[in-house]
Amino acid sequence: MTKRLQAALTAAAAASVIVILTLNLSGCQGASEQTPTATVAATTTQAPATPAAPATPVPETTPTASEAAQPAKVDTPTAKPAPTQSPPPADAPAPTPTPSPTATPAPPTMTPTPTEVTTPTPTPTPEPPASAAIAMAVLVSDTGVSAGDVRLISYEQMEWPSAGLGCPEPGVFYAQVLTPGWKYLIGLGDEVYEFHANQSGETLINCTAVEKMRVGTINVVSAAGLRDTVSIAVLRLNFATGEYEENSVTDDPDVIEGIVDVLDVDIKISPAEDCPAIFQLRFDLPGRSETFEWICEGDNTLLTGGQPFWGGGQGEAPIALGGVIGPLLAKTPPPAIPQS
């Protein structure tokens, strides 16, 4: 090889190296510091150039200056630059690490403490009072049946509004006080009888029988509206003239209330008899008056009047009525009833 050819090859190899370095630097602008190292490594590890074949001798010509400066083309494989990641901008926030989920521990299993079950003690049903047996005996006596035919269905403690025990008998006046007692239901075949008693059992009323008695009864206080009474006048019969003359008058509220209370009961109605009354009781109310006839020669319980609710009959006045009317007649005793 001539010196001129050797110099040309050396210049061509140097130019090739300069071109490769220039390409690597331009393709890796902005890469991190490790990138040039990888490029150099790729360049230094390229395969050695294959020795050129002996050139055919050519006539020796003196190369021009431009030809000497232009590098010869050499087919040298170019290593591709390794891909690099662009660094994040300087002002970008640092990524927040995502925490790994922590498993929630399972709550401890609690074994419930067994609860002791207390069995309630049953409250014993009280025995029926002695008056229940008396009521059953009265029913046996009134109906004439065998004692084995009656049975006690139920018994209940009560508080009655008066001494009448919730079913006062017609024509009987009872104290208007709260009265504790009992209610009994007694069976007789298919029928049921209701008895009421006071606490001690001394008073016993067959309410079923009383209700049957109420057929053909009347309460004159309710029928005539006597609770609005403002005065009461007692008149007596003048047997000489056959006229009723005023004996006494009261407007005392207490006296009026006492008389009305006595009359506030159901009284039995019976057919009227021809028996002229000795007294008249006049109840004066706002705008009207109600007059009743009371006591006759043959009947000291007579109570009747001309009101339509009597139905042409007469009633039996409560025995207590004489006790509340008597004080009004004290100053003027009633006339003697003429003897027939």
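Rules of the game
- Residues numbered from 1 in each chain as written.
- Predicted model: local features only at pLDDT ≥ 70, side-chain atom pairs only at ≥ 80, totals over all residues.
- Heavy atoms only, no water.
- Core = buried A, V, L, I, M, F, W, Y, C linked by side-chain atoms within 4.5 Å.
- Buried < 20%, exposed > 50% of the residue type's maximum accessible area, 1.4 Å probe, protein only.
- Helix = DSSP H or I, 4+ residues; strand = E, 2+ residues; numbered from the N terminus.
- Contact = heavy atoms within 4.5 Å.
- Axes fitted to C-alpha atoms, helices over the stretch in contact; angles between N-to-C directions.
- Parallel < 35°, antiparallel > 145°, perpendicular 65-115°, else oblique.
- Left-handed = near helix turned anticlockwise from the far one by under 90°.
- Nonpolar A, V, L, I, M, F, W, Y, C, P; charged D, E, K, R; others polar.
- Salt bridge = Lys/Arg side-chain N within 4 Å of Asp/Glu carboxyl O.

Asker: Is there a simple way to think about the nonpolar core in this case?
Answerer: The nonpolar side chains of a soluble globular protein tend to be buried, and buried together. With 29 residues, the main nonpolar core has F283, W294 and L321 as its most contacted residues. Counting only elements with at least two residues in this core, the list comes to α6 (220–224), β6 (231–238), α7 (253–263), β9 (277–285), β10 (288–296) and α8 (321–329). With residues up to four places along the chain from it excluded, the contact list for L321 reads I259, V262, L263, L281 and W294. Listed in part, the twelve residues of the second largest apolar core include A132, V140, V150 and F195.

Asker: Could you clarify how one ought to interpret the packing of α7 against α8 in this entry?
Answerer: Helix-helix packing is characterised by the crossing angle of the two axes and by the distance between the axes. Relative orientation of the contacting elements α7 and α8 amounts to 155 degrees, with a least axis distance of 9 Å. In terms of orientation, α7 lies roughly antiparallel with respect to α8. The crossing of α7 and α8 is left-handed. Taking contact as the criterion, the partners of V255, G258, I259, V262 and L263 in α7 are, on α8, L321, V324, I325 and L328. Among the residues making up the contact of α7 with α8, the classes are represented as eight nonpolar, one polar and no charged.

Asker: What am I meant to see in the pattern of salt bridges here?
Answerer: Where charged atoms from two side chains of opposite charge come close, those side chains can pair. Within the structure shown, the criterion is met by six salt bridges. Between R227 and D264 there is a salt bridge, with its nearest N and O atoms 3.0 Å apart. Of the two residues, R227 sits in the loop between α6 and β6 while D264 sits in the loop between α7 and β8 (267–271), which places them 37 residues apart along the sequence. Look at R227 and you get partly exposed, because its relative accessible area is 46%. Relative accessible area serves as the criterion here: at 31%, D264 is assigned to the partly exposed category.

Honestly, it's all geometry; don't read function into it.
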